[in-house]
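Structural description and commentary
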Amino acid sequence: MPTARLRDSLHCALKSFPILTGHIQETGDGLSKTVVVDERNPNLPDFTEASSSVQYNKLKGHHFNWSVWPSTVATAGPVTAPGNKGVIKLLCIHVMRLGDNSGLMLFCNIPHYILDGFGYYEFLCHWAMLCRMRGKQQVSDMSSPVTAISYVFDRSILSSHIPKQRKPLDSKTRAFIARKSRVSSIFAKLPYRLQTRLASTALSLNHANAHFFHVSAAALEELCNLHCSKDMPDIDLNPSGSASYAILVALFSMPIIQVLVRKSTRRRAILQKLVLTLHCAPQASDSSVTIINCIHAHKLLDMEDRKYIGNPVFMQPVFVPLDYEQYNENTLATAFANVVDHINAGVRSIDAPLLGGLLDTLDENPDTYAKLAISVAMGRPLLTFIDEREYRVGDVDFGCGSPSWVSAPAWNMPNFVAFLACPPGLDGTMVYTSLKDDIFERVSCNILFAKYARFLF
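Residues numbered from 1 in each chain as written. Predicted model: local features only at pLDDT ≥ 70, side-chain atom pairs only at ≥ 80, totals over all residues. Heavy atoms only, no water.

**Looking at the state of the cysteines**
Throughout this description, disulfide means a covalent bond between two cysteine sulfur atoms. Here the structure, examined in full by the defined rule, presents 0 disulfides. Distance from the sulfur of Cys131, which forms no disulfide, to the nearest cysteine sulfur (Cys400) is 7.9 Å. (Disulfide = S-S within 2.5 Å.)

**Here's the deal with the pairing of strand β5 (residues 104–109)**
Each regular strand carries side chains that alternate between the two faces of the sheet. Here strand β4 (residues 92–97) runs beside β5; their pairing, made up of 6 bridges, is antiparallel. Within β5, the residue paired with Ile93 across the bridge is Cys108. Hairpin connection between β4 and β5: a loop of 6 residues separates the two successive antiparallel strands, and Asp100 in this loop has a positive phi of roughly 55°. (Pairing = 2+ DSSP bridges. Helix = DSSP H or I, 4+ residues; strand = E, 2+ residues; numbered from the N terminus.)

**Some details on the pairing of strand β13 (residues 416–421)**
Counting buried positions along β13 gives 5 out of 6 residues, so the element sits mostly inside the fold. Across 4 bridges, strand β11 (residues 382–387) lies against β13 in parallel orientation. The residue of β13 that forms the bridge with Asp387 is Phe419. Examined bridge by bridge, β13 and strand β14 (residues 429–435) share 6 bridges and lie antiparallel to one another. Bridging from a neighbouring strand, Ala418 pairs with Tyr432 of β14. (Buried < 20%, exposed > 50% of the residue type's maximum accessible area, 1.4 Å probe, protein only.)

**Topic: unusual backbone geometry**
Even without a glycine there, the phi angle at His63 is positive, about 55°. By the secondary structure assignment, His63 is in the loop between α2 (56–61) and β4. Since its relative accessible area comes to 54%, His63 is described here as exposed. You will see that Phe64, though not glycine, has its phi angle at about 65°, which is positive.

**What about the sheet that holds β5?**
Pairing is mixed in the open sheet, where 3 strands are placed in the order β3-β4-β5. The open sheet has two edge strands with one neighbour each: β3 (46–51) and β5. Each strand of the sheet is rotated relative to its neighbour by a mean of 10°, with strand direction disregarded. Pairing of β3 with β4 involves 6 bridges; the strand directions are parallel. Paired with Ala50 across the bridge in β4 is Met96. (Axes fitted to C-alpha atoms, helices over the stretch in contact; angles between N-to-C directions.)

Limitation: the analysis is restricted to geometry and does not speak to function.
Rendered as structure tokens:
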């Protein structure tokens, strides 16, 4: 895969993704941001290439464990921040060529503010298609109609593609989004470059370590049977459906919540003692663990033949009280079935009118994402899930076949779980987790978790 072909096809791919060459522009209050594309002053991608003596077979022999990766593969962290010149690059690419020309590692970073996961893989697939076609010399003009795809990035068009009749959010979800926070209000009004620097520094100081697990198709089937054994209705394990997602969320959330509940309870006890010692007015404290289901809302948008790939993610909070029942071996199946049904019902309730209600509430509370960032930085009991199994990973073929392995960074924000499609030859679901070491150790010993989730690294 020659560098010239990668660069040429990237240049052509950016014609369909001009937003990746734009500059983030603020209105002045720090709450409203847009991306401005200036053809005379493009924000060109950060394209870096390097080589390593590490060979592909070594990576494969260690199941692509981060410990054997060449150093400096990832040139950008989980939080996008300005570079040495104070410019925020909207696209960072690092090509790492492995020893003896045995393989290639491709790192690609795009701020989540610009694209969500679907948009990310649309870009990679489009770039890969152009590179593959150039390699086969199927097209001489890389801007020909065969390579032209119309994408839409403007968030303002969302409202016109959602029913005018909105469905209001439930009171708890609205309170979660609209709750007041002096710290987050101040943070949201800071210049975006300063926000990203602070967020990047905070995450580096309070990050969690990532691990991979595998849940086989047979394990999912057993979990489905466990659910049905408690006189619950049958569920469909289609990977694109909400039921398999709910089973996976239940499998991973139950042991994590048990640990978070214990930690939050201890934290509340310490705060109460501190308040009594200092004779202060009691401060509001966490009363629940919050599960955030990040649901892709593309299917809810009637966009006809245009592809909106901005970032329509529906954040659905599920609140688990701190007096959450600490299930044991005798009550495990019932507790598991209840969690599955609770998550499944919540996800299935999301429709276009409810998405409209969320967007309206976010417009009324522009500092919502700042609140979430502050909550993560302060160690609040948040647990985030996202289903990435439908991403077009297998279509990212630059001319040498589909990727052998797809991975996120070796460290990320705490209490984050993503479900991924398995690589060729493996069934079921790959699970990427980012957990603090103490939580990871306790979760790994959980009786339900240890039985159905196989630890990889």
